[in-house]
Amino acid sequence: MTKAWGQEAVEQFMLDTPQIDKLRHWSRLYSSDSHLAGDLAHAESIRDLWLSYGIPTELVRYDVLQNFPIGSSLRLHGRGSEDSVAFTASLTEDELPEDPTSAPPNSLPAFHGFSANGNVCAELVYANFGTIGDFQLMKARGVSVEGKIVICKYGKVFRGLKVRAAEQFGAAGVVMYNDPQEDGEYTAKNGYQHYPHGPARHPKSIQRGSVDFFSVAVGDPSTPGYPSLPGDETKRLDPTHAIPTIPSLPISFADATPFLLALNGCGLSPDEIGGSGADWKGEIDGVNYYTGPSRVKVSLYNEGEYRYAPIYNVIGTVSGETDECIVLGNHHDSWCPGAVDPVSGSAAINEVARGLGVLVSQGWKPYRKIILASWDNEEYGLVGSTEWGEHNAQFLSRNCVAYINVDESTNGGNVLGATGSPLLDSVLRDITHKVPSPVNEGKLVFDDWLSDQQRGNPNVKQPLLDLMGTGSDYTVFFDHLGIPSVDMIFNRQGTSVYPYHSNYDSYYWLEHFGDVGFKKHRAMAQIFGLLAVRLAGVHLIQFEAGSYSESLQRHLATLKLKEAGRSLDWQPLEDAIVAFDKAAQNLDARACALKAMDAQVRDEAEIVEVNKQYINLERSFLLDKNGGLPGRPWYRHMIFAPGLWYGYDGVAFPGVLESLEKNDIEGANQWLGTVATALEKASSIISSR
């Protein structure tokens, strides 16, 4: 049966489609086991599901570098002898009777993706959060990590950058753990019971994850900038520009405690190194958080098999009237049961696929093609999406209007958090006006989103997308190809500690703490589907260029305030932003005029021209493919990028910022000029008629 679908009816259908019982079903099924990258059976099951919904779907294979765990150990030796062992870390999580999937066989061993193999024995040094600033401070205070094993807390920066910093300062190995200090209110110290009896972190929870240097490069580190196609013809390069050469291990804070206790009284106290009130002191009882080095030695052993192994992206396609496309993405690999990461997002994209399948079966055809992607090997370093993006770079650069990413529907947070291109600010605000709040009766997702941002700044009149860094599959689209992207998750104002990448990231945790009632899953599926059909279905691209100029003005003002007193020539960039703002406002005015016209009298040629200018706007901020940002040429976006030493968090004007961090005023001024020139080019692109 076919019917005529108007845009409003399509959007209402996608709003009504997601069902909580189906979201629960996919959550329970997919999180019943872990799915390490390359799980063919899992990929085939997703392909077959989407095919059953009437969406043409295929598997796309790449052969990529991976390490697979073989063995590991971490031992604290007794005084005077390396043969005596005072404590051996369990490197496992407790099985919990309440949580059916918490048994160790349901997850991978405690290991780091892309960690180097090694067997080292050395004194221990505590390096706080393991940031580059922490290592610089230790060196300045006479605490050397040369040849030592570093223990540091998770948090603040991406784990791979902790290993990279330790490696640069000469460390022999790294051990990481989650300290209760990272958990805010929800700790045993504050009277909360730990999981599964309460919202506090279980003491044996272990955060697995990759230690690639993903603010330097993502994807297969042996094929930077080109796809890892199967076969001997693919050229493989030395991957060590993007992965460590020293071993590392993740442990629980229960296992970390004896190692930290061995540092008590050794070296500098938290106040001596960081000053009163600094963040060097954690919250484990009895631990004084001295820097060391320890009087006893620690042995760290990590062994994995490095090999090229197949991975399988699942790619579904809903045909459109034009070659333009929208890409929707989530990933299907996990370190553990992964009920949050990635299954909460996988459940949402399945419901979007089901809705799209029904629409297509009833005669709907969007203006733009919709590509649905269930990426493989996200966890090692955004590998599946990056290889596919590099493989299809020419098509995507020419035709892709936007990329929409949902890695997780919720990690226990109650309010939407979203990062992305300013071009998508307006359309996401409009979509969230249509979706009921999953936590506040009578409110909308928009209301919660705005209220949350007003907590940080009461003067905020409308919510904005936060800066896009890295950490999920939007990276190749936004940072490498210049495609406007958005990443969405309910991750704000949570009321429990999310057991990230641990065996307790389970259906039981979600059902009892993360999303009781699965209403946040449903809300995300609604936002995901609505945004997809809005961007794919409406002929005139739903961007707002004026939001970009407003974002540039805000970030420049922040940078100028931070760097006041430096001899920087701001004028060319300020002038370029003023000119760009005028051109952006004019483009938006043309779009508004077209929207106001009756469909019968609209100038289709004018719509095509406006769309082309919106599509090319973000691309105009890309550096040359053979250039890129200094020291990380794969990253090409000169306005926004992940912070070189932050990873997850984004920064504005990265070339300028990194020059200033090196006290290179001349280089900073050159970058200010480069960005100004790019803005002049962008103004020209969106002004031509």
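The rules behind each value
- Residues numbered from 1 in each chain as written.
- Predicted model: local features only at pLDDT ≥ 70, side-chain atom pairs only at ≥ 80, totals over all residues.
- Heavy atoms only, no water.
- 1 Å grid on protein atoms, 1.4 Å probe; cavity = no way out; pocket = protein on both sides within 12 Å on 5 of 7 lines; lining within 4 Å.
- Points joined across faces, edges and corners; volume = space filled by probe spheres on them.
- Nonpolar A, V, L, I, M, F, W, Y, C, P; charged D, E, K, R; others polar.
- Helix = DSSP H or I, 4+ residues; strand = E, 2+ residues; numbered from the N terminus.
- Expected span 1.5 Å × (residues − 1).
- Buried < 20%, exposed > 50% of the residue type's maximum accessible area, 1.4 Å probe, protein only.
- Disulfide = S-S within 2.5 Å.
- Lys, Arg positive; Asp, Glu negative; His and termini not counted.
- Salt bridge = Lys/Arg side-chain N within 4 Å of Asp/Glu carboxyl O.
- Contact = heavy atoms within 4.5 Å.
- Core = buried A, V, L, I, M, F, W, Y, C linked by side-chain atoms within 4.5 Å.
- Pairing = 2+ DSSP bridges.
- Right-handed = clockwise from strand over helix to strand, strands pointing away.
- Phe/Tyr/Trp six-rings, centres within 6.5 Å; stacked < 30°, edge-to-face > 60°.
- Lys NZ or Arg CZ within 6 Å of the ring centre and 35° of its normal.

## What about empty space enclosed by the protein?
If a probe as big as a water molecule is rolled over the atoms, it shows which places are left empty.
Link 1 in the chain: Taken as a whole, this structure holds 3 cavities of 30 Å³ or more when the rule is applied.
Link 2 in the chain: Estimated volume of the largest cavity: approximately 40 Å³.
Link 3 in the chain: Around the largest cavity, the lining residues are Y195, A200, R201, H202, V497, P499, Y504 and W509.
Link 4 in the chain: Residues of the lining of the largest cavity, tallied by class, amount to 6 nonpolar, 1 polar and 1 charged.

## Section: helix α8 (residues 343–361)
Three- or four-residue spacings in an α-helix give side chains the same orientation, since the helix completes a turn every 3.6 residues.
Link 1 in the chain: The end-to-end C-alpha distance of α8, which contains 19 residues, comes to 27 Å, matching closely the 27 Å that a straight helix rising 1.5 Å per residue would cover.
Link 2 in the chain: With 16 of 19 residues buried, α8 is to be regarded as a mostly interior element.
Link 3 in the chain: Just beyond α8, the residue with positive phi is G363, at close to 95°.

## Comments concerning the state of the cysteines
Link 1 in the chain: Scanning the model with the defined rule gives 0 disulfides in all.
Link 2 in the chain: Sulfur of C325: no disulfide; nearest cysteine sulfur belongs to C400 and is 4.1 Å away.
Link 3 in the chain: A relative accessible area of 0% means that C325 is categorised as buried.

## As for the side chain of D448
Link 1 in the chain: Relative to the helices and strands, D448 resides in helix α12 (residues 445–456).
Link 2 in the chain: Despite its burial, D448 pairs with no opposite charge; the closest candidate is K443, at 6.9 Å N-O.
Link 3 in the chain: Not counting residues up to four positions away in its chain, the partners in contact with D448 are V415, S437, V439, N440 and K443.

## A word on the environment of Y507
Link 1 in the chain: Residue placement: Y507 occurs in helix α14 (residues 507–514).
Link 2 in the chain: Taking relative accessible area as the criterion, Y507 reaches 11% and is therefore assigned buried.

## Side note on the pattern of salt bridges
Link 1 in the chain: Under the counting rule described, the total for this entry stands at 19 salt bridges.
Link 2 in the chain: R632 is the partner of E658 in a salt bridge, and the nearest nitrogen-oxygen pair spans 2.3 Å. One end of the pair, E658, is in helix α19 (residues 654–661); the other, R632, is in the loop between α18 (604–619) and β15 (640–642), and 26 residues separate them in sequence. For the pair E658 and R632, one class covers both residues: buried.
Link 3 in the chain: A network of salt bridges, in which partner residues are shared, links E11, D430, K434 and R534.

## Looking at the nonpolar core
Link 1 in the chain: With 210 residues, the main nonpolar core has L356 and M488 as its most contacted residues.
Link 2 in the chain: The biggest single contributor to this core is helix α15 (residues 519–537), with 11 residues.
Link 3 in the chain: Ignoring any residue separated from it by four or fewer positions in sequence, one finds M488 in contact with I404, N405, V406, E408, L416, G417, A418, L428, M524, I527, F528 and L531.

## Let's talk about the pairing of strand β6 (residues 173–177)
Link 1 in the chain: In terms of residue burial, β6 counts as a mostly covered element, since 5 of its 5 residues are buried.
Link 2 in the chain: Residues G173, V175 and Y177 line one face of β6 and the alternating positions V174 and M176 line the opposite face, and both faces are buried.
Link 3 in the chain: Pairing of strand β5 (residues 149–153) with β6, which is carried by 5 bridges, proceeds in the parallel orientation. Bridge pairing in β6 links C152 to M176.
Link 4 in the chain: A crossover connection joins β5 to the parallel β6 through helix α5 (residues 159–168); in handedness this β-α-β unit is right-handed.

## Thoughts on the packing of aromatic side chains
Each aromatic ring pair is characterised by the separation of its centres together with the angle its planes make.
Link 1 in the chain: Across all of its chains, the model carries 30 aromatic pairs by this definition.
Link 2 in the chain: Each ring, one from F214 and one from Y648, has its centre 5.7 Å from the other, and the planes form 80°; the classification is edge-to-face. Linking F214 in the loop between β7 (209–210) and β8 (248–250) with Y648 in the loop between β15 and β16 (650–652), this pair joins segments that are 434 residues apart in sequence.
Link 3 in the chain: What makes F214 buried here is its relative accessible area of 4%.
Link 4 in the chain: Here Y648 falls in the partly exposed class, since its relative accessible area comes to 32%.
Link 5 in the chain: Aromatic ring contacts, followed pair by pair, group F478, Y548, F580, F621 and F640 into a single cluster.
Link 6 in the chain: Residue placement shows R164 over the ring face of F213; its charged tip is 5.7 Å from the ring centre.

## Let's talk about the pairing of strand β4 (residues 118–126)
Link 1 in the chain: Bridging between β4 and strand β9 (residues 297–318) involves 6 bridges; their strand directions are antiparallel. Bridging across to β9, A122 finds its partner in V298.
Link 2 in the chain: Taken together, the 3 bridges between β4 and β5 define a ladder with parallel strand orientation. Bridging across to β5, V125 finds its partner in V150.

That is the geometry; function is a separate question.
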